[in-house]
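# Remarks on the overall topology
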Amino acid sequence: MDEFAPLDCLLPSGKQKICLVILNQPIDERYFHVLWSKAKIRACADGGANHLYRLTEGRRESFLPDYINGDFDSILPEVKAFYTQKKCKLMETPDQDLTDFTKCLAIMVEEIKAQKLQIDTIVTLGGLGGRFDQIMATLETLFHAQKMTDLPVVVLQDRSLAVLLQEGRQHHLNVNTGLEGKWCSLVPVGSTCLTTTSGLKWNLVWAPQRSRWWSGPPE
Amino acid sequence: MDEFAPLDCLLPSGKQKICLVILNQPIDERYFHVLWSKAKIRACADGGANHLYRLTEGRRESFLPDYINGDFDSILPEVKAFYTQKKCKLMETPDQDLTDFTKCLAIMVEEIKAQKLQIDTIVTLGGLGGRFDQIMATLETLFHAQKMTDLPVVVLQDRSLAVLLQEGRQHHLNVNTGLEGKWCSLVPVGSTCLTTTSGLKWNLDNQVLAFGQLVSTSNTYEDHDPKGGRKPVTVTTDKPLLWSMGIKPL
């Protein structure tokens, strides 16, 4: 079975071919440079453009996104004007039922197809901090993403990474990049999840002698 | 039906009698002073004590928590020594299956009973930011809390508030304190929720909220006559449902 290394995207020598989405949260500069240089397509969802603009002050022309989408209620007028003038694609996506992030991914999936690119992962900067409902909206987008593409959508902010694991297959997560922090977590955000793991300190296993699912270190 | 005003706790003139839990996140100073002065019991969960210690530099003796619990893997030695020396109750709770926050609430519920206090709300500072698994753990604690007490457990950080609404009753949320920010949200974090609401800009009419289907974020309050106040938001749900809302800058 194929392995997936969630933190490969942050390794300069990493193998994954990625696309990058920037959301409306402060950008981790260290992550930004690795990801931007590797990404085949780079996009901002609405206010993400403000953060890109601020971070790249003095050399903005070297960091132009391929497109910026959104209902444009967060992007600052000066930022919008700048990227428009630099001929970045600005795509107004006013649909109120879907978030800017979801729509950004939809466009990304289309662009990958249209350009016939070989992509392994879509990486997102931001989404795990700030307004609490927006954090929840990020999780919702990850569910929608699974209907749009088979590509993993990885979300990074500060020192956390999140990715939604699909049902029905065994995932092999390579956690050997050297960038792994000490904690990890499995959270059933949408529904209850019947789960089996290996490789964790506290694995989830079916313990027949106890007739129940059990979480704990190996006996 | 009784109304519940989630942001009453931040009103100096608010009516709710509260207890306070401080978690291991930067403390919003403006919230801290209002909450600390009102709270009948004040506690820190492990590293929450570090933040209290730092914030109250110069007058720490005036801000001693009633207890600090945890497995003590986050509290700094100097902080632990200080509060021990000041005779705060330090309660080591090493159980690895429950988080420091959950255990802090369990102790809080016991203390409220033991002291026969009349309390309306347990307010928590922190829990909605930082390490992502810890944010998820906060939500898990809110589920456990519902088995421990009928008291609402409100969580505040930065400019967000979250509270888990119980199943099986109609909630009347007073959103007229003047501290409400413009957004609000209903998120079915544990399971699908059959939901009906009123008072929101985008209401739900016996609809299923579910991840991947419909989740209410970036919602807001229905327009109201500026001379009158907002009508309460009502929410009915068949499973615990997470309400969150924005807080205006104080």
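Along each chain, numbering runs from 1 in the same order as the chain's sequence is written. Here every chain gets a letter starting at A, and every ligand a number starting at 1, in the order they are written. Given that the model is predicted, a residue must reach a pLDDT of at least 70 before its local features are reported, and side-chain atom pairs must reach 80 or more before they are shown or counted; all residues, however, enter totals for whole chains, interfaces and linings. Neither water nor hydrogens contribute to the side-chain values; these are computed over all heavy atoms in the structure.

## Some points on the pattern of salt bridges
A pair can form between side chains of opposite charge whenever their charged atoms are brought close. Residue and element names in this part refer to chain B. Should a side-chain nitrogen of Lys or Arg be within 4 Å of a carboxyl oxygen of Asp or Glu, the pair is scored as a salt bridge. Counting across every chain of the model gives 15 salt bridges over all chains. Put simply, Lys103 and Asp100 hold a salt bridge, and the shortest N to O gap is 3.8 Å. Of this pair, Lys103 and Asp100 both sit in helix H4 (residues 100-114), three residues apart, which is roughly one turn of that helix. Only protein chains enter the area calculation, which uses a 1.4 Å probe; residues under 20% of their type maximum are buried, those over 50% are exposed, and those in between are partly exposed. Lys103 sits in the buried class, given a relative accessible area of 7%. On the basis of relative accessible area, Asp100 is assigned to the buried category, the value being 16%. One salt bridge in this structure joins Arg131 and Asp133, with 2.8 Å as the shortest N-O distance. The way it works is that DSSP assigns letters per residue, a run of H or I at least four long becomes a helix, a run of E at least two long becomes a strand, and they are numbered from the N terminus.

## Observations concerning the interface of chain B and chain A
If you look at the interface, chain B gives 29 residues, while chain A gives 25 residues. Taking both sides of the interface into account, the surface hidden between chain B and chain A amounts to around 2200 Å²; carbon and sulfur atoms contribute 65%. On inspection of chain B and its partner chain A, the count reaches zero salt bridges. Polar contacts, as counted here, are pairs of nitrogen or oxygen atoms within 3.5 Å of one another; within protein the pair requires one atom able to donate a hydrogen and one able to accept it, and residues that are adjacent in sequence qualify only if both atoms are side-chain atoms. Inspection of the chain B/chain A interface yields seven residue pairs in polar contact (both at pLDDT 80 or more). Here the side of chain B that touches chain A gets five residues from one element, more than from any other, and that element is helix H5 (residues 132-148) of chain B. Three categories are distinguished: nonpolar for Ala, Val, Leu, Ile, Met, Phe, Trp, Tyr, Cys and Pro, charged for Asp, Glu, Lys and Arg, and polar for the others, with Gly belonging to the last. For the side of chain B that touches chain A, the class distribution of residues is 16 nonpolar, eleven polar and two charged. Whether two residues are in contact is decided by their heavy atoms, any of which lying within 4.5 Å being enough. Once two parts are put together, the accessible area they lose, assessed with a 1.4 Å probe and summed over both, is termed the buried area.

## A closer look at the UniProt feature "domain: Thiamin pyrophosphokinase catalytic" (unreviewed entry) in chain A
UniProt positions are given in the numbering used here, feature names are shortened, and annotations may be inferred rather than shown by experiment. Mapped onto the present numbering, the UniProt feature "domain: Thiamin pyrophosphokinase catalytic" (unreviewed entry) falls on residues 32-152 of chain A. End C-alpha atoms of residues 32-152 of chain A are separated by 19 Å, and the span's content is 46% helix alongside 14% strand.

## Observations concerning a nonpolar patch on the surface
Residue and element names in this part refer to chain A. Patch membership is restricted to residues that have no salt bridge and whose relative accessible area is over 30%. Joining uses 9 Å for like charges and 5 Å for the nonpolar side chains Val, Leu, Ile, Met, Phe, Trp and Tyr. The Shrake-Rupley method, run with a 1.4 Å probe, gives the accessible areas here. Residue values count only the displayed protein chains as cover. A cluster of nonpolar residues, Leu165, Leu173, Val175 and Leu186, forms a patch on the protein surface that exposes about 330 Å² of accessible area. Turning to its location among the elements, Val175 is positioned in the loop between strand S9 (172-173) and strand S10 (203-207). Taking relative accessible area as the criterion, Val175 reaches 57% and is therefore assigned exposed.

## Details of the domain arrangement of chain B
All names here are of chain B. Segmentation of the chain into domains, including their bounds, is taken from an automatic or database domain assignment. For chain B, the domain assignment lists domain 1 (16-158) and domain 2 (162-249). Relative to domain 2, the C-alpha centre of domain 1 lies at a distance of 26 Å. Counting from both sides, the interface comprises 14 residues of domain 1 and, opposite them, eleven residues of domain 2. Both sides together, the interface formed by domain 1 and domain 2 hides about 980 Å², and carbon and sulfur atoms give 67% of it. The largest share of the area that domain 1 buries against domain 2 comes from Leu139, Phe143 and Gln146, three residues that together contribute 49% of it.

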